[in-house]
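So you can see what is in the structure, the chains are spelled out below.
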Amino acid sequence: MKKFNIHSVQKNENLKSIAALYGIEADALKLFHNNRCEVKDMILIDLTRQTELFIPRTAVADKNKLVKFGRGNRLVFRPENSFCKYGVVISFETGNHKNELKYETSARWLKYENKLHFFEIDRISNLYLNQEEVNEIADTLAYKTSKVLYPLQVSVDEYGKFNQVENIESFKERWDRVREEVYKEFEGEIVDEYCRKIEEIIYEEDAINLYLKNDYFLRTIFLGIYQSFGNTFQIEIEKGFPIINNPIEPKYKIHIETDPVKDEYDLVHIAGEGNLNDERSVSDLINGYPFSMIIPDDPVMNEEGNFRIEYYLNGETLLPESLYLECSIMQEEEKKISVVVTAITE
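The numbering scheme is per chain: residues are counted from 1 as the chain's sequence reads. Whole-chain, interface and lining totals are the exception, using all residues; otherwise, since this is a predicted model, local features are given only for residues with pLDDT of at least 70 and side-chain atom pairs are given and counted only at 80 or more. Side-chain calculation: all heavy atoms of the structure are included, whereas hydrogens and water are not.

S.K.: Help me understand the overall build of the protein in this model?
M.R.: Looking only at helices and strands, one finds eight helices and 15 strands in the protein. Categorising residues by exposure relies on relative accessible area from a 1.4 Å probe, with only protein chains included: less than 20% of the type maximum marks a residue as buried, more than 50% marks it as exposed, and the intermediate range marks it as partly exposed. Counting over 346 residues, the protein shows a buried share of 43%. Only heavy atoms matter for contacts: two residues are in contact if any of them lie within 4.5 Å across the pair. For the protein, restricting intrachain contacts to residue pairs at least 6 apart in sequence, the fraction spanning at least 24 positions comes to 61%. Accessible surface computed for the protein: about 19,300 Å², of which carbon and sulfur atoms make up 47%. Positive and negative side-chain charges of the protein, numbering 42 and 62 respectively, have mean locations separated by a distance of 7 Å. Secondary structure elements are defined from DSSP: runs of H or I of at least 4 residues count as helices, runs of E of at least 2 residues count as strands, and each element is numbered from the N terminus. Each accessible area is a Shrake-Rupley result for a 1.4 Å probe, and residues are judged covered by the shown protein chains and nothing else. Here the positive residues are Lys and Arg and the negative ones are Asp and Glu; neither His nor the chain ends is included. In plain terms, the charge of a residue is placed at NZ if it is Lys, CZ if Arg, CG if Asp and CD if Glu.

Next comes the structure, spelled out in C-alpha cells:
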C-alpha cells in the first residue's frame with residue numbers, strides 16, 4: 001500500500017500554496033516531507049531546489065477520493081437493501097493435483113436485528129467442474145442433493161463476519177421434494193448413500209452449521225474485514241479458515257492494510273498477508289487432532305502455511321466488487337485453496 005503521495009513542484013509554487021492545495025498546514029507538510037526525504041531535499045524555511053514533495057496519503061485535492069471511514073478509521077458495514085450477484089471460482093490444489101469449481105450465486109439483504117444482518121444466499125447457475133458442467137454421477141448427485149440448502153439464510157455480524165445458518169428447519173421441509181427429484185433421475189446404492197449423508201446433515205443442527213461454515217464463498221465474502229484500521233490504516237488479526245477437515249480450524253496471523261484513498265476505479269483496496277500460527281504440528285494436523293498432542297511451556301508455533309487476501313469494495317456502498325482469498329497449509333503435501341468472487345453487473 002502507498003504510504004504517501006508525491007507532488008511535483010510547479011513554477012511559482014511555494015510551501016504555503018502547495019499546503020493550501022491539499023488542505024493542510026504548511027508546517028505539517030514540511031515536517032511530513034522532511035521525515036521522508038534525503039537530507040539534501042529537506043525544507044528549511046521554504047522551497048529552494050526541491051522538485052518533488054512527499055505529501056500525506058490522505059492529503060488529496062479531490063476530497064471525494066477519500067474513503068468514508070467511521071470512528072477509528074473503521075470500514076462501516078452497511079448492506080441494507082442490497083442485492084448482488086457474484087461469479088465464484090474456487091480452486092483446490094494438493095501437490096500437483098488441481099480442480100476448479102465455478103458457479104454463480106446471489107446475496108440479498110433481508111433485515112437487521114439484534115446487531116446481526118440477515119442475508120438470503122441462492123445458487124443461480126449450474127455448477128461447473130474444470131470448465132465443464134458437472135456430469136459424473138457422483139458430482140451430479142452432490143450438486144442436486146445440495147439444492148436442499150438453497151435459498152440459504154445466514155446471519156452476519158457488524159464486522160461482516162459469518163455468524164450462523166438461520167433457516168435450518170426449512171431444509172427438512174424441502175428434503176422430500178429434492179429426494180423425489182433425485183430418485184426420478186437416478187437409482188442404486190450410490191444414490192442411497194448420498195441421500196443418507198444429506199439426511200445425516202440436515203437433521204442435526206450442529207452438523208449443518210459445521211457443513212456450511214466450511215462454505216468457501218460464505219467465508220470469503222463474510223470474512224469480517226469491516227474493522228477499525230487506526231491511524232496507520234493497518235491491523236494485525238488472527239483468523240481461522242476451513243482449509244482442512246478439522247473441528248478446530250487452523251489459525252492464521254494476518255497483517256491487513258487498507259488504502260484511505262480510492263483507486264482510479266473508485267474502489268477501496270484492502271490487502272492482507274500472513275502465515276499459519278497454530279500450536280499443532282504438521283503431524284497433528286495430518287492426523288486430524290483438534291489440539292496439540294504435546295504442549296510445551298514455550299510452544300513453537302507451526303507456520304507452515306500462508307494466507308493472502310486482495311479485496312476491492314465499492315467506493316460508495318463499501319460492498320464487495322472483487323475478492324481474492326488464498327490459503328495454504330503443509331501436510332504430507334501442500335494443500336492450497338483459492339477463492340475468486342466477482343460482482344456481476346447487468
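After that view of the structure, there is still more to cover.
S.K.: Explain the side chain of Arg280 here, please?
M.R.: Here Arg280 shows up in the loop between strand S12 (267–276) and helix H8 (282–286). Pairs of N or O atoms within 3.5 Å make up the polar contacts considered here, provided that, within protein, one atom can donate a hydrogen while the other can accept it, and that residues adjacent in sequence are counted only when both atoms are side-chain atoms. At a separation of 3.1 Å, a polar atom in the side chain of Arg280 contacts the main-chain carbonyl oxygen of Tyr289. With sequence-adjacent residues up to four places away left out, Arg280 is seen in contact with Asn246, Ile248, Glu249, Pro250, Leu285, Tyr289, Pro290, Phe291, Ser292 and Asn302.

S.K.: Just checking my understanding: could you explain the packing of helix H4 (residues 168–185) against helix H5 (residues 189–202) for this structure?
M.R.: Helix packing for two helices is described by the angle between their axes and how far apart those axes are. Note on geometry: axes are C-alpha line fits, over the in-contact stretch for helices, and angles between N-to-C directions span 0 to 180 degrees. Between H4 and H5, the shortest axis-to-axis distance is 10 Å and the interhelical angle comes to 175 degrees. In this view, H4 runs roughly antiparallel relative to H5, as classed from their interaxial angle. Listed contacts from H5 to Ile168, Phe171, Lys172, Trp175, Arg179, Val182 and Tyr183 of H4 are Val191, Asp192, Cys195, Ile198, Glu199 and Ile202. Between 65 and 115 degrees an angle is taken as roughly perpendicular, under 35 as roughly parallel, over 145 as roughly antiparallel, and anywhere else as oblique.

S.K.: Can you walk me through the nonpolar core in this structure?
M.R.: Soluble, globular proteins show a tendency: their nonpolar side chains are buried together. Residues Ile121 and Phe171 are the most contacted members of the largest nonpolar core, which totals 71 residues. Contact partners of Ile121, with chain neighbours within four places excluded, come to Thr105, Ser106, Ala107, Tyr150, Pro151, Leu152, Val154, Phe217, Leu218 and Phe222. Joining through side-chain atoms within 4.5 Å is the link that ties buried Ala, Val, Leu, Ile, Met, Phe, Trp, Tyr and Cys residues into a set, and such a set is a nonpolar core. Membership of the second largest hydrophobic core comes to ten residues, among which are Ile18, Tyr22, Ile43 and Leu53.

S.K.: How should I be thinking about the pattern of salt bridges in this particular structure?
M.R.: Between side chains of opposite charge, pairing is possible as soon as their charged atoms come close. We count a salt bridge whenever a side-chain nitrogen from Lys or Arg sits within 4 Å of a carboxyl oxygen from Asp or Glu. Applying the stated criterion to the full structure yields 16 salt bridges. Among the salt bridges present, the one from Arg179 reaches Asp176, with a minimum N-O distance of 2.9 Å. Of this pair, Arg179 and Asp176 are both found in helix H4, three residues apart, which corresponds to roughly one turn of the helix. With its nearest N and O atoms 3.3 Å apart, the salt bridge here joins Glu316 to Lys262. With Glu316 in the loop between strand S13 (306–314) and strand S14 (320–330) and Lys262 in the loop between strand S11 (251–258) and S12, this pair connects stretches of sequence that are 54 residues apart. With relative accessibility at 53%, the residue Glu316 sits in the exposed group.

S.K.: How do you make sense of unusual backbone geometry when you look at a structure like this?
M.R.: Among all residues save glycine, negative phi is the norm, and among peptide bonds the norm is trans. A cis amide bond links Tyr150 with the next residue in sequence, Pro151, at an omega value of 0 degrees. Here Pro151 is to be found in the loop between helix H3 (137–146) and strand S8 (152–156). Phi at Asn12 is positive, roughly 75 degrees, even though this residue is not glycine. Mapped onto the secondary structure, Asn12 falls in the loop between strand S1 (4–8) and helix H1 (15–22).

S.K.: What's the story with the pairing of strand S15 (residues 334–343) in this structure? I'm lost.
M.R.: Two strands pair if DSSP finds at least two bridges between them. Sheet analysis places strand S3 (residues 83–94) next to S15, joined by nine bridges and oriented antiparallel. Looking at S15, one finds that Thr94 is bridged to Lys335. Pairing of S14 with S15, which is carried by nine bridges, proceeds in the antiparallel orientation. By the bridge assignment for S15, Met330 is matched with Glu334. Hairpin connection of S14 to S15: three residues between the antiparallel strands.

S.K.: Quick question: what am I supposed to make of the environment of Ala28 here?
M.R.: Tracing the chain through its elements places Ala28 in helix H2 (residues 26–34). Judged by its relative accessible area of 42%, Ala28 falls in the partly exposed class. Between the alpha carbons of Ala28 and Pro56 there is a distance of 9.5 Å; along the sequence they are 28 residues apart.

S.K.: Honestly, a nonpolar patch on the surface in this entry has me stumped. Any pointers?
M.R.: Nonpolar side chains (Val, Leu, Ile, Met, Phe, Trp, Tyr) are joined into patches within 5 Å and like charges within 9 Å, using only residues with over 30% relative accessible area and no salt bridge. Together, Phe291, Met293 and Ile294 make up an exposed nonpolar region whose accessible area comes to about 360 Å². For Met293, the location among the structural elements is in the loop between H8 and S13.

S.K.: Would you mind showing me how to read helix H6 (residues 205–213) here?
M.R.: One turn of the α-helix equals 3.6 residues, which is why residues spaced by three or four share an orientation. Turning to H6, its buried residues number three or more, namely Ile208, Asn209 and Leu212. Projected down its long axis, H6 carries its buried residues within an arc of 100 degrees, all on one side. Working definition: the arc comes from the directions between the helix axis and the C-beta atoms, pointing outward to the latter.

S.K.: Which parts of the structure should I look at to understand the packing of aromatic side chains?
M.R.: Within a pair of aromatic rings, the relevant descriptors are the distance that separates the centres and the angle that separates the planes. Each Phe, Tyr or Trp ring, with Trp reduced to its six-membered ring, pairs with another whose centre is within 6.5 Å; inter-plane angles below 30 degrees give stacked pairs, above 60 give edge-to-face pairs, and intermediate values give tilted ones. One pass over the structure, following the stated rule, counts ten aromatic pairs. Grouped by ring-pair contacts, the aromatic residues Phe92, Tyr216, Phe241, Tyr252 and Phe307 constitute a single cluster. Whether a charge sits over a ring depends on NZ of Lys or CZ of Arg being within 6 Å of the ring centre and within 35 degrees of the ring normal. The cationic tip of Arg123 hangs over the ring face of Tyr103; the distance from NZ or CZ to the ring centre is 4.2 Å. Lying over the aromatic face of Tyr194, Lys197 brings its terminal NZ or CZ to 5.7 Å of the ring centre.

S.K.: What exactly am I supposed to notice about the environment of Phe241 here?
M.R.: Locating Phe241 in the fold gives a position in the loop between strand S10 (234–240) and S11. For the pair Phe241 and Cys327, spaced 86 residues apart in the sequence, the C-alpha separation amounts to 7.9 Å. Look past the residues within four positions of Phe241 in its chain and what remains in contact with it is Tyr216, Arg219, Glu249, Pro250, Tyr252, Phe307, Leu325 and Cys327.

S.K.: Would you mind going over H1 with me for this structure?
M.R.: Where H1 is concerned, the buried positions are Leu15, Ile18, Ala19 and Tyr22. All buried residues of H1 fall inside an arc of 100 degrees around its axis, so they share one side. Facing away from the buried side of H1 by over 90 degrees, the exposed positions are Lys16 and Ala20. Elements in contact with the buried residues of H1: S1, H2 and strand S2 (52–56). For H1, the capping residue at the N-terminal end is Asn14, with a side-chain oxygen 3.2 Å from the backbone nitrogen of Lys16. Looking one or two residues past H1, Gly23 carries a phi angle of roughly 70 degrees, positive in sign.

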